[in-house]
Amino acid sequence: MLYHGFNIRITPCHLKRTDDAGREVICKGYWFKVFADESMTIPLDVFGGAVGFELLEESMDEAEQFAMDVVEAEEKRYWEVLKEIV
């Protein structure tokens, strides 16, 4: 997925989270890897999103929206990191 000039790889996975009762639970979710280039060789960020925590539902639309929200929040930092790399 391309967003704001960054390539994002979204991979389904299972993630650990802590529920309201303080118990560790395994959730369906996604790993997100943000890259600065088309060939996806210059990584900028890696983060996860779990269904029922960061994501409302298990869908690619929801995952893509979450990725876009994170990229928008972190975009300034991504460009600063990229300036240091090049």
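On a predicted model such as this, the values are computed, not experimentally measured, just so you know.

A short note on the pairing of strand S3 (residues 24–35)
Here is step 1 of the chain: As paired elements, strand S2 (residues 6–18) and S3 share twelve bridges and run antiparallel to each other. Paired with Arg17 across the two strands is Val25, which belongs to S3.
Here is step 2 of the chain: Linkage of S2 to S3, two consecutive antiparallel strands, is achieved through a turn of five residues, within which Gly22 is found at a positive phi near 85°.
Here is step 3 of the chain: Examined bridge by bridge, S3 and strand S4 (residues 43–50) share seven bridges and lie antiparallel to one another. What sits directly across from Gly29, in S4, is Ala50.

A closer look at helix H1 (residues 60–85)
Side chains of residues three or four places apart in an α-helix project in the same direction, reflecting 3.6 residues per turn.
Here is step 1 of the chain: The first and last C-alpha atoms of H1 sit only 31 Å apart over 26 residues, clearly below the 38 Å expected at 1.5 Å per residue.
Here is step 2 of the chain: Within the sequence span of H1, burial applies to Ala63, Phe66, Ala67, Val70, Val71, Glu75, Tyr78 and Leu82.
Here is step 3 of the chain: Those residues of H1 that are buried lie in contact with strand S1 (2–3), S2, S3 and S4.

Topic: the nonpolar core
Here is step 1 of the chain: The biggest cluster of nonpolar side chains holds 18 residues, and the ones touching the most others in it are Ile8, Phe32, Val34, Phe47, Val71 and Tyr78.
Here is step 2 of the chain: The set of elements that each furnish at least two residues to this core consists of S2, S3, S4 and H1.
Here is step 3 of the chain: Ranked by the residues each element gives to this core, the list is headed by H1, at seven residues.
Here is step 4 of the chain: Excluding residues within four positions of it along the chain, Ile8 makes contact with Met1, Tyr3, Lys33, Val34, Met40, Ala67 and Val71.

Brief notes about unusual backbone geometry
Here is step 1 of the chain: The phi dihedral of His4 is positive, around 55°, even though this residue is not glycine.
Here is step 2 of the chain: When you line up the elements, His4 lands in the loop between S1 and S2.
Here is step 3 of the chain: Taking the relative accessible area as the measure of exposure, His4 reaches 37% and is therefore partly exposed.
Here is step 4 of the chain: With a phi angle near 55°, Met40 is a residue other than glycine that sits in the positive phi range.
Here is step 5 of the chain: For Met40, a relative accessible area of 23% translates into the label partly exposed.

Criteria and thresholds
- Residues numbered from 1 in each chain as written.
- Predicted model: local features only at pLDDT ≥ 70, side-chain atom pairs only at ≥ 80, totals over all residues.
- Heavy atoms only, no water.
- Pairing = 2+ DSSP bridges.
- Helix = DSSP H or I, 4+ residues; strand = E, 2+ residues; numbered from the N terminus.
- Expected span 1.5 Å × (residues − 1).
- Buried < 20%, exposed > 50% of the residue type's maximum accessible area, 1.4 Å probe, protein only.
- Contact = heavy atoms within 4.5 Å.
- Core = buried A, V, L, I, M, F, W, Y, C linked by side-chain atoms within 4.5 Å.

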